[in-house]
Amino acid sequence: MSDGQSWDVLIRNATVFDGSGDAPRKLDLALRKGRIAAKGSALPANHAGRVVDAGGLWLMPGLLDIHTHLDLEVDLEPTLPEVVRHGTTTVLVGNCSLGTCFGTQAFGGQEPIIDCFTRVENIPKSVLRKCVEAITWDNTGDYLDHFDDLPLGPNIGAFVPHSMLRIEAMGLADSISRAPTSAELARMDELLESAMRQGYVGMSTDGLPFHYLANEPHTDQRIPTQFASFGELRRLLATVRGHDRVWQTTPILQNRATALLYFALTSGRLFGKTLKTSALSVMEFALAPRAAKAFLGFAGLMNSRLFKGNLHFQALGTNFRIWSDGIVSPMYEELDSTCRLIAKEYDDVAGRRALLDDPAWVEAFRADWHHGRRGRNLAYLKARLGFPEHMVVRELDRLVFDGAPVPDWDGETLQAVYERVLAYQAGAGAAARSADEEAALAAFPKPLGDDADFMLHLLREYDKGFRFWTDVGNVGNRATLDYLLHERALPGFNDSGAHITNMAFFDGNLMSLKLAQQHGLDTVGRMVRRLTREPAEFFGLDVGTLDIGAQADITLIDPERLRDWDCNDTREYIYRDLFEHHQLVNRPQDIVRQVFIHGESVWEDDAFTPVLGSRSLGRALRAA
């Protein structure tokens, strides 16, 4: 830069949403040494080393993704490209009681990271081992410090994950088989206190009943956090509460009364000081459309003057579409029979086939498949009333092939194929549209019974070799915007970096903006606040604003391209050399026009710039 230049970059003519929630303004923004240096109208271009014309574009602070599992990827690819390309410049890791902040914890022959992450986050062990091999630290302080030595893309904030905390104090086997001793509980509290002083944003726990371990001999056991008593959590969360940090959690679905008791820990009236609580999750579930209102109503009670709590539920900004590789999917962990299939090693085709041929297992599968879907019983009544005992979508007309073993089936529902099998077996030979399909139809057992028999045949014949998707929530996004803007919700639950072949919600923030756009610029302004300043303030992080002197994390969006985009058209199933494995991603074109992290342009013209990965741009965020 010459002596006459005051700024590194000048962004001109943008429609600026500053994260305050106010209506946008046409402004110029000047950046210098990674910070916001000036804002105003008609700032002089000759003072800048580079001028970016942002006419017609929205400018906003870099977006936050408050629920990710990118702690696994960040040490392999610190640039985190799949979030950066979506305009996200800050991510939170260590969610759902899982993380890497204590190192590998691989003592006594155990592999806690692999054991915990494989099934909970649906990440193959081969991928996880690559992540574990990159770990060089063994304590929470060194974990945050090590980010200084990485060419980091986005900023990173971290929770202390409760499952790993228990393992650190007790060892894996003991953490799932007995209560901690007084010395072990004191050790957990000591480690947590140290992490709070180091700047961790809080502690994460988990209560979902279908989160299982993946290594023998523990495949029938749930992850360690679920073995903690109320007294243990109360003590640990008192430490979190004392530092005004955040408790991230999921509800204990198996026992609503217990779930309400645990959520009451947010109460300042009962426990002396309010505990900020961020819980999963709120959306319009396909099989339980009224459940979200119950969650939000309870949050309203906890946040009232009576209880003085601060509880919100994380809202997903898009349709909750889940892909399955055969039966390998987070959905099917919820059924006892299919859970046993998933517990088999990823490549153990023979082990799965042995179960599929076991009459006792088949009987159990059929009972699970039909539970709540037929018969005169309480489970059926509860499902009809919108309070099913299982949230697994088993209606074939809701399941759509996408990666079918027979090309003719791609894009069709499983119900359509099932009906063609029945027609073929009834003598309608014309039901087959190709030689491949005729061979496939002829292979079904004859006579084919019901839809359970149809699914059993697919599993026996193709194992994981057929993919299908279903929307388990936010179908058609009818109520999504209402939840995103609800005072007792906060946009989140993207699960970025997890379920690598089953989900791809990297686009959740962009979809939130798109839904807001349909209601005008004032609503967009509210949404920008919800994706930037509001979560930053809740988690105690110094990001999410365009204030003078703030770190220059900025996202520029083309509103016309956003308006015309359908997120379901841009999901791709790709092979990533980084993992030596496939991953589901979402890569919209031309919507995010430019992304700055710490004043450096890292994404423009639908490509990453050379500066991304050349040096550290983001930083480890320390809550205060």
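Look a little higher up for the structure.
All figures in this text were calculated on a predicted structure; none of them were measured in a lab.

Draft legend 1. Spatial organisation of the layout of surface pockets. The calculated volume of the second largest pocket comes to roughly 330 Å³. Listing elements by their share of the lining of the second largest pocket, those giving two or more residues are helix H2 (112-120), helix H3 (125-133) and helix H12 (336-342). Looking at side-chain class alone, the lining of the second largest pocket contains eight nonpolar, six polar and seven charged residues.

Draft legend 2. Up close: the sheet that holds strand E16 (residues 489-491). Within the open sheet, the eight strands sit side by side as E6-E7-E8-E9-E10-E11-E12-E16. Their pairing is parallel. Because the sheet does not close on itself, it has two edges, and the strands there are strand E6 (63-65) and E16. Geometrically, the sheet is characterised by an average inter-axis angle of 30° between neighbouring strands, direction not taken into account. Sheet analysis places strand E12 (residues 310-315) next to E16, joined by three bridges and oriented parallel. By the bridge assignment for E16, Gln314 is matched with Leu490.

Draft legend 3. The arrangement of the sheet that holds strand E15 (residues 467-473) in detail. Strand order in the open sheet made by the three strands is E13-E15-E14, with antiparallel pairing throughout. The open sheet terminates on both sides in strands that have one partner only, identified here as strand E13 (320-325) and strand E14 (400-401). Alignment of E13 against E15, held across six bridges, turns out to be antiparallel. Bridging across to E15, Arg321 finds its partner in Asp471.

Draft legend 4. Seen up close, the packing of aromatic side chains. On inspection of all chains with the given rule, the structure shows 21 aromatic pairs. Ring centres of Phe365 and Trp369 lie 5.6 Å apart, and the angle between their planes is 25°; on these two criteria the pair is classed as stacked. Of this pair, Phe365 and Trp369 are both found in helix H14 (residues 359-370), four residues apart, which corresponds to roughly one turn of the helix. Classification of Phe365 by relative accessible area gives buried; the value is 1%. Ring geometry for Phe444 and Phe454: centres 5.4 Å apart, planes at 5°, overall stacked. You can see Phe444 sitting in the loop between helix H17 (435-442) and helix H18 (451-462) and its partner Phe454 sitting in helix H18, a full 10 residues away along the chain. The exposure class of Phe454 is buried, given its relative accessible area of 0%.

Cut-off values and rules
Residues numbered from 1 in each chain as written. Predicted model: local features only at pLDDT ≥ 70, side-chain atom pairs only at ≥ 80, totals over all residues. Heavy atoms only, no water. 1 Å grid on protein atoms, 1.4 Å probe; cavity = no way out; pocket = protein on both sides within 12 Å on 5 of 7 lines; lining within 4 Å. Points joined across faces, edges and corners; volume = space filled by probe spheres on them. Helix = DSSP H or I, 4+ residues; strand = E, 2+ residues; numbered from the N terminus. Nonpolar A, V, L, I, M, F, W, Y, C, P; charged D, E, K, R; others polar. Pairing = 2+ DSSP bridges. Axes fitted to C-alpha atoms, helices over the stretch in contact; angles between N-to-C directions. Phe/Tyr/Trp six-rings, centres within 6.5 Å; stacked < 30°, edge-to-face > 60°. Buried < 20%, exposed > 50% of the residue type's maximum accessible area, 1.4 Å probe, protein only.

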